[in-house]
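Fold and contact review
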Amino acid sequence: MRAGLAKDIIPIMFEATKVSGVFEKMPKKMRGIYWMKGNGVAEELTILHYGQWFPEHQQMIVPFAPFMWAWPGGRPRNAPFGGAMYSQDFTAGLAAASPMINGGVVFSYK
């Protein structure tokens, strides 16, 4: 894992997950980087356009893959719930990341 400021990480995440033949098939409103503002867990950014859209079922399948999720390296100012799920360093972000990067996780949105 690497650390950086969100403003520097966002374009890297976007380009790394913009796969030709996959990106174009995802609905436009689901492309891009989402800031998980208000998320009480130590998670900050996510990308959904690395998934697959099934229009006949109105369902999207998003695999957990490199560069599609980002965690904080500290406690953001005005963190939700008083920052209870954050830490002053990378500890909370890495704790949130650990189960996701050490196993197969797939989210399905319908």
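Shown above is the structure to which this text applies.
Everything numeric here is computed off the predicted structure, so don't read it as measured data.

Details of the overall build of the chain
Summing up its helical and strand segments, the chain has two helices and six strands in all. Each principal axis of the C-alpha atoms in the chain carries an extent, and together these give about 45 × 25 × 25 Å. Excluding contacts between residues fewer than 6 apart, the proportion of contacts in the chain whose partners are at least 24 apart in sequence is 57%. When the accessible surface of the chain is split by element, carbon and sulfur atoms take 59% of a total near 7100 Å². Across the chain, the 11 positively charged side chains and the 7 negatively charged ones have centroids separated by 6 Å.

Thoughts on the environment of A65
Its place among the elements puts A65 in the loop between β4 (59–63) and β5 (69–70). When the C-alpha positions of A65 and G51 are compared, they lie 9.5 Å apart, and in sequence the two are 14 residues distant.

Brief notes about the packing of aromatic side chains
Overall, the coordinates contain three aromatic pairs when judged by the stated rule. Ring geometry for F14 against F23: centres 5.8 Å apart, planes inclined by 80°, an arrangement best described as edge-to-face. We classify F14 as partly exposed; its relative accessible area is 21%. Residue F23 is classed as buried on the basis of its relative accessible area of 10%. Both rings, one in F64 and one in W69, keep their centres 5.6 Å apart while their planes meet at 50°; by these two values the pair is tilted. Judged on exposure class, the residue F64 and its partner W69 are both buried. An aromatic cluster of three or more residues is present, and its members are F64, W69 and W71. Lying over the aromatic face of F23, K18 brings its terminal NZ or CZ to 5.0 Å of the ring centre. Positioned above the aromatic ring of F23, the side-chain terminus of R31 is 4.7 Å from the ring centre.

Basis of the calculations
- Residues numbered from 1 in each chain as written.
- Predicted model: local features only at pLDDT ≥ 70, side-chain atom pairs only at ≥ 80, totals over all residues.
- Heavy atoms only, no water.
- Helix = DSSP H or I, 4+ residues; strand = E, 2+ residues; numbered from the N terminus.
- Contact = heavy atoms within 4.5 Å.
- Areas by Shrake-Rupley, 256 points an atom, 1.4 Å probe, with all protein chains shown as cover.
- Lys, Arg positive; Asp, Glu negative; His and termini not counted.
- Charge placed at Lys NZ, Arg CZ, Asp CG, Glu CD.
- Phe/Tyr/Trp six-rings, centres within 6.5 Å; stacked < 30°, edge-to-face > 60°.
- Buried < 20%, exposed > 50% of the residue type's maximum accessible area, 1.4 Å probe, protein only.
- Lys NZ or Arg CZ within 6 Å of the ring centre and 35° of its normal.

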